[in-house]
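# Coordinate analysis (summary)
Listed here are the chains, written in short residue letters.
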Amino acid sequence: MSKFKKIFLYIMSTMYCFTGISHFTMPEYFLAIMPPYLPWHLKLVYLSGACEILFALLLIPRSTRRIAAWLLIALLIAVFPANIQMTINYANEHNPELWISIIRLPIQIFLVWWACIYTKNELVSIK
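Residues numbered from 1 in each chain as written. Predicted model: local features only at pLDDT ≥ 70, side-chain atom pairs only at ≥ 80, totals over all residues. Heavy atoms only, no water.

### Notes on the packing of aromatic side chains
Rules: Pairs were defined over the aromatic rings of Phe, Tyr and Trp, the Trp ring being its six-membered one, requiring ring centres within 6.5 Å. Orientation was assigned from the angle between planes: stacked under 30 degrees, edge-to-face over 60, tilted for the rest. Relative accessibility thresholds used throughout: buried, under 20% of the residue-type maximum; exposed, over 50%; partly exposed, between the two (1.4 Å probe, protein chains only). Secondary structure is summarised from DSSP: a helix means a run of H or I of at least four residues, a strand means a run of E of at least two, and numbering begins at the N terminus for each.
According to the stated counting rule, one finds six aromatic pairs in the structure shown. Between Tyr29 and Phe30, the aromatic rings sit 5.0 Å apart at their centres with planes inclined by 90 degrees, giving edge-to-face as the arrangement. With relative accessibility at 32%, the residue Tyr29 sits in the partly exposed group. For the ring pair Phe110 and Trp114, a centre distance of 5.8 Å and an interplane angle of 40 degrees mean the geometry is tilted. One end of the pair is Phe110 and the other is Trp114, both in helix H5 (residues 98–116) and four residues apart, which spans about a single turn. Exposure remark for Phe110: the relative accessible area of 43% places this residue in the partly exposed category. Grouping aromatic residues by their ring pairs yields a cluster made of Phe4, Phe8, Phe110, Trp113 and Trp114.

In structure tokens, the structure reads:
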């Protein structure tokens, strides 16, 4: 793995760890963007936070990296409705930060792409 790719792997892992921890330290933020049709809001906030932390840590070892990247992609897709709900909420509330919620939507696509980089098998060099 190139040095550049490894640095971004550690950045990604750290980012998901911090975001996952914030699900436990600031659950009210995530509760506010839960789509109303979903049950068990607080449990889902905690579950998604725990998944973010676990998947972030699983990115580090080479043996679990591919599955962790795929799990992060699945998680990003699963939480996308919360980002849509945030945009709907901000639009209904005339929140001045509406533009931030709109920008978050395509950022999710970037995050999926970023995780996809680590789903590929790496060739093992024999010396």
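### Quick look at unusual backbone geometry
Although it is not a glycine, Trp40 adopts a positive phi angle of roughly 50 degrees. With respect to the helices and strands, the residue Trp40 is situated in the loop between helix H2 (27–31) and helix H3 (41–58). Despite not being glycine, His94 has its phi angle at roughly 55 degrees, a positive value. Among the structural elements, His94 can be located in the loop between helix H4 (62–93) and H5.

### Thoughts on the nonpolar core
The cut-off we apply is this: The set of buried Ala, Val, Leu, Ile, Met, Phe, Trp, Tyr and Cys residues whose side-chain atoms join them within 4.5 Å is what this entry labels a nonpolar core. Residue contacts follow a heavy-atom distance rule, with two residues in contact if any of their heavy atoms lie within 4.5 Å.
Ranked by internal contacts, the top residues of the largest apolar core, which has 18 residues, are Met12, Tyr16, Leu59, Leu72 and Tyr118. Among the elements that line this core, the one with the most residues is H4, at six residues. If near-sequence neighbours (up to four positions away) are discounted, Leu59 is found in contact with Leu9, Met12, Ser13, Arg65, Ala68, Ala69 and Leu72.

### Comments concerning the environment of Pro36
Tracing the backbone through its elements, the reader meets Pro36 in the loop between H2 and H3. The spatial distance from the C-alpha of Pro36 to the C-alpha of Met15 is 27 Å, given a sequence separation of 21 residues. In this view, Pro36 contacts His41 and Gln85; residues no more than four positions away in its chain are not counted.

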